[in-house]
Amino acid sequence: MDNQQIMAVGSQYLMNTYARFPLALVRGRGSRVWDADGNEYVDMVAGIAVCALGHAHPALVRALEEQAHRLWHCSNLYWIKPQVELAARLCRHSGLARAFFANSGAEANEAAIKLVRKYWHLKGRPACDIVVFRNSFHGRTLAALSATGQEKYQQGFAPLVPGFAFAEFNDLESVEKAVGPHTGAVMVEPVQGEGGVRPADPAFMRGLADLCRRQGLLLVLDEVQTGMGRTGKMFAFQNFGVEPDVVTLAKGLGGGFPVGAMLARGEVAEAFAPGDHASTFGGNPLACAVACEVVDQVASYDVCFNVTEASFYLRGLLEDIARRRSDVVEVRGMGLLLGVEFTREVKPLVERCRQHGLLVIGAGERVLRMVPALTIGRDDIDAAVAILKRALDEWGQQ
Ligand SMILES: Cc1ncc(COP(=O)(O)O)c(C=O)c1O
């Protein structure tokens, strides 16, 4: 089937929930992908920060194949060796004590929200609130959506889940105001990804951690997008020198295989007892075998070093472009989660890039986002930037 045929069948049988680009990707290798018509693209999207090691990484293919020959699924009625091994790895790297596995970022956040509520329930403070942030994004399940600080995602889905108080990102005073007698936790992204690639100020993040410690609140970090090496460290919080109580992960963790995780400090994790939370597929052997390999690769010096190097290089090129244009507000981000804010909507630019063989995405209306594989090399970055420049020339200046 070619692009047109796939789109025709998809338009007939799939629910209309995604505004898709008019192509179907059928093959990938490293930071390159091909569509069903054989067109090649430089992939600066990587499945929206998911394909951490690029497409078809040989070590991940091997891990998946080996596990596929052993055991696909058995349920959490039994101990699962790759799940145990993944939990041990994540705890060792994060300094947290225990893991719960889910299948997506939203589910990992649901687990975190439930854990916070159960923790305070056991401490005699039932129905606690969680302080969350305007412009945040935590996922599409109802509680995660209710915690998300962007009305556009919530419209049409009332009633939302109660128990969330909103504060301004990077504004400690507004957090202090939002904290009340029923507050149990603060939940925050170290870099607001979907909200426009906005990194937390280091002073804000440290201030938040101090505030949580002083007031006895739990600090929950949504590292669904920033975790697994994306910022040049295994976890983004390691750049800020803070110690969270709960961390959620998904996206890069499986390198393209669906898996989410929620990690917690010992005393907090112990709030969950058998029967409190569960997922049929959570911690599935295939997902965990692949994720173990992802963690080992990201923990290797090479991958995180490449993120730092590639980020520096790409950012430099983007800043060069920004200096020559009057419609760029700012280049920002951390590691390989980079955004270029323009003075106008970037949708037409994204489309032009695609037409010339470059995949990029927006983050909000005016931010062009790049979240390539953590393993991307200079050749692919150069190719991407050359196409971006061409698309920008055609797009013109304002
Ligand atoms: C910070 C953050 N949290 C949660 C989610 C939701 O993850 P998922 O789409 O896997 O449910 C996302 C997805 O973009 C995210 O960026």
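Residues numbered from 1 in each chain as written. Predicted model: local features only at pLDDT ≥ 70, side-chain atom pairs only at ≥ 80, totals over all residues.

Enquirer: Whenever I open this one, the sheet that holds strand 13 (residues 328-334) confuses me. Can you help?
Expert: Pairing between the strands of a sheet is mediated by backbone hydrogen bonds and can be parallel or antiparallel. Spatially, the four strands line up as an open sheet ordered 13-14-17-16, and their pairing is antiparallel. At either margin of the open sheet sits one strand with a lone partner, and together these are strand 13 and strand 16 (361-362). Bridge count for strand 13 against strand 14 (residues 337-342) is six bridges, and the pairing is antiparallel. Residue pairing for strand 14: G333 is matched across the bridge by L338. (Pairing = 2+ DSSP bridges. Helix = DSSP H or I, 4+ residues; strand = E, 2+ residues; numbered from the N terminus.)

Enquirer: What should I look at first to understand the domain arrangement of the protein in this one?
Expert: Many authors give the size of an interface as the accessible area that is lost as the parts come together. Once the domains are mapped, the protein shows domain 1 (3-57 + 301-395) and domain 2 (58-299). Between domain 1 and domain 2, the C-alpha centre-to-centre distance is 26 Å. Across the contact, 27 residues belong to domain 1 and 28 residues belong to domain 2. Mapped onto the side of domain 1 that touches domain 2, the elements with two or more residues apiece are helix 2 (46-49), helix 12 (301-323), strand 13, strand 14 and strand 17 (367-370). Here the side of domain 1 that touches domain 2 gets five residues from one element, more than from any other, and that element is helix 12. When its residues are assigned to classes, the side of domain 1 that touches domain 2 shows 16 nonpolar, eight polar and three charged. (Domains from an automatic or database assignment. Contact = placed C-beta atoms within 7 Å. Nonpolar A, V, L, I, M, F, W, Y, C, P; charged D, E, K, R; others polar.)

Enquirer: I'm lost on the site of the ligand in this one. Help?
Expert: The ligand sits among 14 residues. The nearest are S104, G105, A106, G139 and V224. In terms of residue count, the dominant contributor to the shell around the ligand is helix 5 (residues 105-122) (three residues). Its residues placed into classes, the shell around the ligand shows four nonpolar, seven polar and three charged. (Near = placed C-beta within 6 Å.)

Enquirer: I keep staring at the environment of R125 and nothing clicks. Help me out?
Expert: Tracing the backbone through its elements, the reader meets R125 in the loop between helix 5 and strand 5 (129-133). Sequence-wise, R125 and A383 are 258 residues apart; in three dimensions their C-alpha atoms are separated by 55 Å.

Enquirer: Can you help me understand the packing of helix 12 against helix 14 (residues 378-395) in this one?
Expert: A pair of packed helices is characterised by two quantities: the angle between their axes and the separation of those axes. In the contact formed by helix 12 and helix 14, the axes pass within 11 Å of each other and the chain directions differ by 20°. In terms of orientation, helix 12 lies roughly parallel with respect to helix 14. Relative to helix 14, helix 12 is oriented so that their crossing is right-handed. Of the residues in helix 14, those touching helix 12 at A310, Y313, L314, L317 and I321 are R378, I381, V385, K389 and L392. (Axes fitted to C-alpha atoms, helices over the stretch in contact; angles between N-to-C directions. Parallel < 35°, antiparallel > 145°, perpendicular 65-115°, else oblique. Left-handed = near helix turned anticlockwise from the far one by under 90°.)

Enquirer: Any chance you could explain the packing of helix 4 (residues 81-94) against helix 11 (residues 285-299) here in plain terms?
Expert: Relative orientation of the contacting elements helix 4 and helix 11 amounts to 30°, with a least axis distance of 8 Å. In this view, helix 4 runs roughly parallel relative to helix 11, as classed from their interaxial angle. Crossing handedness for the pair helix 4 and helix 11: left-handed. For the pair formed by helix 4 and helix 11, the contact residues are P82, Q83, E85, L86, R89, L90 and H93 on the first element and P285, C288, A289, A291, C292, V295 and A299 on the second.

Enquirer: Got a minute to help me understand the nonpolar core in this structure?
Expert: Generally speaking, a soluble globular protein has its nonpolar side chains buried in company with each other. Grouped together as the largest cluster of nonpolar side chains are 123 residues, with contacts concentrated most on V116, V186, A261 and M262. Broken down by element, this core gets its largest block of residues, 10 residues, from helix 11. Both domain 1 (3-57 + 301-395) and domain 2 (58-299) contribute no fewer than three residues apiece to this core. In this view, M262 contacts F100, A102, A108, A111, A112, L115, V246 and T248; residues no more than four positions away in its chain are not counted. (Core = buried A, V, L, I, M, F, W, Y, C linked by C-beta atoms within 7 Å. Buried ≥ 20, exposed ≤ 12 C-beta atoms within 10 Å, placed from the backbone.)

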